[in-house]
Every structure is written in structure tokens, then in C-alpha cells.
Amino acid sequence: MALKRGLSSSSVAVGRNRSSGSRLPIGILVFFSVLAPLVFFVGRGLCISDQNSTQSGFSKQVIDVVTKSTDNLGSLSLESFRKGNLSASWKVVGAETLIEDNAVSKATDLKHEMSQDDHTHDTPAKILRRQLMDDKRERWAVELVQQDEKATIKLENSAIQRSKAVDSAVLGKYNIWRRENENDKSDSRVRLMRDQIIMANVYVSIAKLKNKLDLQQELQIRLKEIQNDLGDSTSDSDLPRSVPEKIKAMGKVLSKARGQLYDCKSVTGKLREMLQTSDEQVRRLKKQSTFLSQLAAKTIPYAIHCLSMRLTIEYYLLPLEKRKFPRSENLENPNLYHYALFSDNVLAASVVVNSTIMNAKDPSKHVFHLVTNKLNFGAMNMWFLLNPPGKATIHVENVDEFKWLNSSYCPVLHQLETAAMKEYYFKADHPTTSGSSNLKYRNPKYLSMLNHLRFYLPQVYPKLDKILFLDDDVVVQKDLTGLWSVDLNGKVNGAVETCGQSFHRFDKYLNFSNRHISQNFDPNACGWAYGMNMFDLKEWKKKDITGIYHKWQSMNEDRALWKLGTLPPGLITFYGLTHPLDKSWHVLGLGYNPSVDKREIEHAAVVHYNGNMKPWLDLAMTKYRPYWTKFVKYDHPYLRSCNFSE
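Residues numbered from 1 in each chain as written. Predicted model: local features only at pLDDT ≥ 70, side-chain atom pairs only at ≥ 80, totals over all residues. Heavy atoms only, no water.

**Description of the confidence of the model for the protein**
Part 1 of the argument: Chain-level statistics for the protein give a pLDDT mean of 78 and a share of 73% at 70 or above.
Part 2 of the argument: Under a pLDDT of 50 for its full length, residues 1–57 has, in the predicted model, 88 contacts with residues more than four places off or in other chains.
Part 3 of the argument: Taken as a whole, residues 168–182 scores under 50 in pLDDT and shows three contacts with residues more than four places along the chain or in a different chain. (pLDDT = per-residue confidence, 0-100. Contact = heavy atoms within 4.5 Å.)

Laid out in C-alpha cells, this is it:
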């Protein structure tokens with residue numbers, strides 16, 4: 001029997017069946033076209049061998065034919081078929097003669113098969129027909145391979161898309177072969193130890209009540225061991241190796257205690273008592289944390305205090321003629337760009353001035369009006385004498401020298417002199433009506449007139465038409481001269497609104513249970529931000545803004561309208577008189593919100609570190625600090641001597 005390249009009738013039938021609708025896998029096609037006839041062929045030889053026991057299988061001639069037909073082609077496989085190492089198909093010729101007569105001898109069968117294989121006497125028509133059939137089989141085989149390759153590519157693409165949808169951060173958790181690595185920081189033992197500590201404390205108390213002193217002592221010993229091993233651990237990997245044995249020992253003692261002491265009512269009562277104690281402790285710690293965070297936010301760091309003291313000494317050693325700034329004629333020129341900055345922080349004020357000048361198109365047209373207190377007046381002057389702002393104009397004043405700003409004129413100063421206000425501020429044991437939330441109002445900054453001076457801008461700068469007010473915790477990132485071109489539409493205050501969230505509306509700042517507030521203001525009115533405000537001083541004077549402020553401030557002597565601060569009276573004073581600016585002028589939240597959009601920060605003209613996490617404090621958010629520190633001259637000798645660090 002001979003093997004020839006080509007498709008057998010069986011393989012053609014299979015191929016046609018696949019192409020016509022119900023497609024069979026190519027592996028089945030190979031089986032029918034190659035392996036099945038071969039198995040049948042070998043089986044027939046074995047049967048003949050059984051019938052003719054004198055011969056032990058196929059004749060040498062048949063084996064030589066099979067060997068010669070397979071040696072040059074290598075082993076059969078689906079992969080080699082795909083790669084084209086084989087022809088499109090294999091054909092077993094003469095297979096139909098294998099079932100004619102099983103009783104005929106092997107020699108007769110071989111002769112018959114070889115005669116079937118001889119096509120030397122075929123007519124030209126038969127040869128042409130055979131060639132056409134072979135060509136058609138070749139095309140069918142190629143189509144089958146192409147269809148299989150397309151299906152494979154489709155499956156691969158589908159697998160790629162599914163793999164992209166898998167979160168790579170948790171990919172390891174899908175590994176069924178490494179369950180021990182499912183959670184690198186498992187805390188099951190930590191939680192078990194904490195539970196044991198709770199139950200041990202319960203049984204220690206019950207044992208003491210029931211005079212089970214031996215059991216009490218045993219529980220206390222195991223409790224101390226567990227507590228020492230647990231420490232501040234948050235994951236099992238932090239625990240000592242001896243922990244499993246100690247957990248077992250504690251489990252045995254707890255089991256013993258349960259057998260001797262367990263009483264549902266007693267255990268429940270003790271757990272309830274422990275829960276109440278823990279709840280009180282949490283509230284106390286939260287209040288303490290709030291107070292300490294407020295204290296840390298308002299305490300002057302040592303480095304800044306050192307800098308202020310050194311600069312003050314240097315300033316008062318200067319002769320009077322060297323204490324003056326140049327270009328004083330620009331201070332009252334309404335055609336220039338004027339800034340108001342009220343601060344007692346030398347370093348913060350220097351960042352505001354430096355960032356504004358570095359981003360200004362023409363620094364010579366910018367004028368900075370700084371006001372500070374008596375303690376920092378010398379330091380503020382000395383810093384800018386040593387580090388002049390280029391071609392810009394700067395002037396420093398002392399708020400304590402404003403003689404017109406006194407208690408007879410200013411309601412805030414009058415209120416600060418009252419006994420009730422002194423008690424509120426200066427008595428540490430003063431009770432608050434609403435818990436720790438009021439701690440932030442008991443802050444020394446509310447005693448400073450620097451914080452309230454923003455309501456007296458026309459009195460401080462009577463010859464100016466417009467002025468841009470800046471807080472000392474802002475950083476300027478773009479040229480701000482465009483703000484002087486903004487039409488305020490007859491309004492006094494140009495500010496960025498902050499009512500994107502509910503807690504920035506009027507009802508969050510003002511007491512609408514008071515009829516004076518509820519009858520005059522809308523609780524859903526949009527709030528706005530101090531920190532970067534363009535004030536039209538002409539309109540200010542026309543509408544008597546300072547008089548409006550005095551009226552409402554006098555009505556709030558008992559703090560019934562709002563708590564302390566400058567934003568609530570600002571919202572009241574400029575109600576209906578505020579023009580909303582584009583939000584890109586002023587981006588807030590860098591002092592309390594860790595989720596401020598980075599793109600908003602980078603496109604903002606001014607960024608504001610409002611909140612407790614000021615950039616000059618250790619508790620500042622690290623990712624926001626570089627926007628501020630790049631304007632600090634850390635190589636300055638005064639900063640180095642006071643141990644400033646980035």
C-alpha cells in the first residue's frame with residue numbers, strides 16, 4: 001500500500017462538510033485524512049498476521065514503502081500542517097481495495113494495490129480530471145488554514161482586550177497557586193490578639209468580682225504578654241515569631257475562664273461599659289487633636305521667629321537715612337497697579353511679593369502696600385531693604401500707628417475690650433456651646449486688627465481708585481494686570497465664588513435662626529473667597545461699605561449673628577455688591593484639600609493655601625509645598641543662620 005500527497009475521498013468529504021456549514025476542527029480533518037487510514041492499514045496487517053502465523057507482519061517491501069513515504073516528511077502534527085511543512089493534504093490511495101477480500105494473501109494484496117497505483121495507461125481526460133481535483137483540494141486546504149488562522153487571531157485580540165480590563169494592581173490576587181500571597185499584610189492574627197485582649201479584660205473584671213484571684217492573676221500574665229507582643233503592630237508580619245504559641249496559651253486561659261466565669265449578663269454589661277469608655281476616649285482625643293492642629297497652625301515656627309528677631313536687630317542698627325525705600329512718589333499714583341498685603345509673617349510676605357514680580361510683564365508699574373504690626377515692623381522693612389523687589393515699588397507701614405483706628409471708631413476694637421470677649425479668648429477653661437468646632441474661633445489672629453483692616457481700605461489708601469487685596473498665604477503664578485481691566489459692573493468686590501459645594505453657601509456661615517439674618521439674606525446665596533480680591537475704592541466710598549460693616553459688626557457683639565472671623569461679615573457687607581471672577585484667577589484649598597486638581601493649580605493665576613496646612617509649617621501637604629518653596633531664597637545668609645530647610 002502506498003501513501004501519496006493529495007486529499008482522500010474521506011478528507012474531501014470532511015472538508016466539504018466543514019465549508020458548507022458545520023465546520024470541524026482541523027485536527028479532526030487531519031485524523032480522517034492521515035491517521036485513520038494508517039490505523040486501519042496497520043490493523044489489517046495485524047489481522048493478516050494472525051491468519052498467517054508463518055509470517056510475523058508486513059513484508060519487508062511494504063515496510064520499506066511506508067518508511068520511505070514518512071522519513072522525508074518528519075512527524076505529523078497540527079503545527080507543521082499550519083506552517084506549510086506538509087502539502088495541503090494527504091491521500092491514501094487504494095484504501096477501497098482493503099475491504100474486498102481479507103482472505104487473500106499479502107503478496108496478492110500488494111500486487112493488486114501496486115496495480116491500482118499505476119496510472120501510466122490513464123487517458124489524457126482522466127489525467128486532466130485528476131489534476132483539476134488535486135488543484136481544488138489544494139484550494140480547500142488553504143481556505144481551511146486561513147479560516148483557522150483568522151479564528152486564532154480573533155481569539156488572541158479578544159484575550160488582549162480582556163487582559164486590559166484586569167486591574168494590574170490586584171492581579172496577583174487571582175493566582176490560585178499562591179494563596180499565601182493573596183494579602184501581603186494580613187492582619188488576621190493582629191485582629192485575633194485584639195479580640196483576646198478585649199475578652200481577657202472582661203474576664204479579669206469578672207474574676208475580681210467573683211474572687212477568683214488565681215484565675216485573675218493568670219489572665220493578667222497572659223494579657224500582659226499579648227499586649228507586649230502586639231504593641232503598635234498593624235499586620236502579622238510585624239509580630240514576633242513567638243506569637244502563635246502565646247495566642248494558643250491565651251486561648252487556653254480564656255477557655256478556662258469561660259468555663260468558670262461566663263455569665264451572659266455580666267459579660268454583656270462589661271462589654272457595654274468598655275464600649276462607652278472607649279467612645280468617651282475617642283471624643284476626648286478628637287477634641288484634643290482639633291485643638292492641637294489649630295495650635296500648630298497658628299504657632300510661629302522657630303525659624304521664622306529667629307528670622308524676624310535677627311532682621312529687627314539689624315534694622316534698628318541702621319541710620320535713619322538708610323531705612324527709606326526708593327520711588328515713594330508711586331505710592332499714590334492711581335495709574336499704577338497697587339496691591340494691599342497685611343501680614344506679620346516676613347517669609348510669607350516675601351513669597352507673595354517675589355512671585356508677583358517674577359510673573360509681572362512690567363514690574364516697574366507694580367506697587368506693594370505692606371502693613372504689619374509693631375513687633376514685625378522692623379523685620380519687614382529690613383528684609384525688603386536687603387532684598388528689594390527689582391523695579392517695583394514697596395512701602396511698609398505699622399498698623400499701630402493708625403491713630404484713627406481706635407475703639408471709638410472701630411466696633412471690633414470696642415468689643416475686644418469687653419469683659420465677655422476677654423473671658424472668651426483668654427480663659428482656657430471657657431466652655432464652648434458646640435464642642436471642639438469652636439476652638440478655631442478662639443484664635444489670637446482674631447484679636448489682631450491686621451485681620452480686620454481689609455474693611456478700611458479707602459481710609460488707608462484715600463487717593464487710590466482700585467487695589468488688589470492679597471492674603472499672605474497665596475502664591476502668584478501669572479501676570480495679574482488683567483484684573484484691573486475687568487469690568488465689575490458697578491460692584492465693589494471682584495472675587496471668585498466658592499459655592500460649588502453646599503458648605504460654601506450663606507447658611508453655613510450665618511445664623512439664619514436670627515431674624516436679622518433671615519429677613520435680609522438668602523441662605524442659598526453663593527459664598528466667595530477672601531485671599532485675592534479686586535476692590536473698586538470709588539464705588540466703596542459711594543456705597544459706604546465701611547459704614548455697612550460697622551452696622552452689622554455692632555449688632556454681633558454677643559456673636560448671635562455669626563461666629564468670629566472676617567468672612568461672615570464680609571459676606572454680609574458685600575452682599576449684592578460682589579462681581580464673580582473666573583475661577584482660574586484664584587484656586588483655593590491647598591491648605592486643607594488633598595484632592596485639588598493639578599491642572600487647575602498649574603493654570604491658576606493665584607493659588608491659595610487657605611486652611612491649617614500652611615506651606616511654611618511642617619504639617620504642610622508635601623505635594624503642594626513646591627509651588628511655594630520655589631520663591632524662597634534658602635541660600636540667603638539669614639535663612640541659613642536660622643536653620644531654614646526646604
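**Observations regarding the state of the cysteines**
Part 1 of the argument: Enumeration according to the criterion identifies two disulfides in this entry.
Part 2 of the argument: The disulfide bridge from C499 ends at C526, spanning 1.9 Å between sulfur atoms. Note on the C499 and C526 pair: the S-S dihedral is about -95°, so by sign convention the disulfide is left-handed. In this pair, C499 sits in the loop between β8 (493–495) and α17 (515–518) while C526 sits in the loop between α17 and β9 (532–536), placing the two residues 27 residues apart along the sequence. The burial state of C499 is the same as that of C526; both residues are buried.
Part 3 of the argument: Numbered in order of appearance, the disulfide-bonded cysteines of the protein are paired 1-4, 2-3. (Disulfide = S-S within 2.5 Å. Helix = DSSP H or I, 4+ residues; strand = E, 2+ residues; numbered from the N terminus. Buried < 20%, exposed > 50% of the residue type's maximum accessible area, 1.4 Å probe, protein only.)

**Here we look at the pattern of salt bridges**
Where charged atoms of side chains with opposite charge meet at close range, the side chains can pair.
Part 1 of the argument: One pass over the structure, following the stated rule, counts 13 salt bridges.
Part 2 of the argument: Across the salt bridge formed by D279 and R283, the nearest N and O atoms sit 2.5 Å from each other. Of the two residues, D279 and R283 both sit in helix α10 (residues 264–298), four residues apart, roughly one turn of that helix.
Part 3 of the argument: The partner of K542 in a salt bridge is E539, with the nearest N and O atoms 3.8 Å apart. In this pair, K542 and E539 both sit in helix α18 (residues 537–543), three residues apart, roughly one turn of the helix.
Part 4 of the argument: Several salt bridges converge on common partners, so that one network encompasses E539, K542 and K543. (Salt bridge = Lys/Arg side-chain N within 4 Å of Asp/Glu carboxyl O.)

**Thoughts on the sheet that holds strand β6 (residues 466–470)**
Part 1 of the argument: Spatially, the seven strands line up as an open sheet ordered β5-β4-β3-β6-β9-β8-β10, and their pairing is mixed. Two strands bound the open sheet, and with one partner strand each, they are β5 (393–398) and β10 (578–580). Ignoring which end each strand starts from, the neighbouring axes of this sheet average 25° apart.
Part 2 of the argument: Bridge count for β8 against β9 is two bridges, and the pairing is antiparallel. Bridge pairing links G494 to M534 in β9.
Part 3 of the argument: Sitting on the sheet, helix α12 (residues 346–358) is in contact with β3 (337–342), β4 (366–372), β5 and β6, with an inclination near 175° to β4. (Pairing = 2+ DSSP bridges. Axes fitted to C-alpha atoms, helices over the stretch in contact; angles between N-to-C directions.)

**A closer look at unusual backbone geometry**
Part 1 of the argument: Unusually for a residue other than glycine, N489 sits at a positive phi of about 55°.
Part 2 of the argument: Mapped onto the elements of the fold, N489 is located in the loop between β7 (474–476) and β8.
Part 3 of the argument: Within the chain, R559 stands out as a residue other than glycine whose phi angle is a positive 60°.
Part 4 of the argument: Among the structural elements, R559 can be located in the loop between α19 (545–555) and α20 (567–573).
Part 5 of the argument: Of the residues examined, R559 reaches a relative accessible area of 22% and is grouped as partly exposed.

**Some thoughts on the environment of R194**
Part 1 of the argument: Among the secondary structure elements, R194 is positioned in helix α7 (residues 188–209).
Part 2 of the argument: C-alpha of R194 to C-alpha of I226: the two residues are 32 residues apart in sequence and 8.7 Å apart in space.
Part 3 of the argument: Those residues in contact with R194, other than ones at most four positions away along the chain, are L230, S233 and T234.

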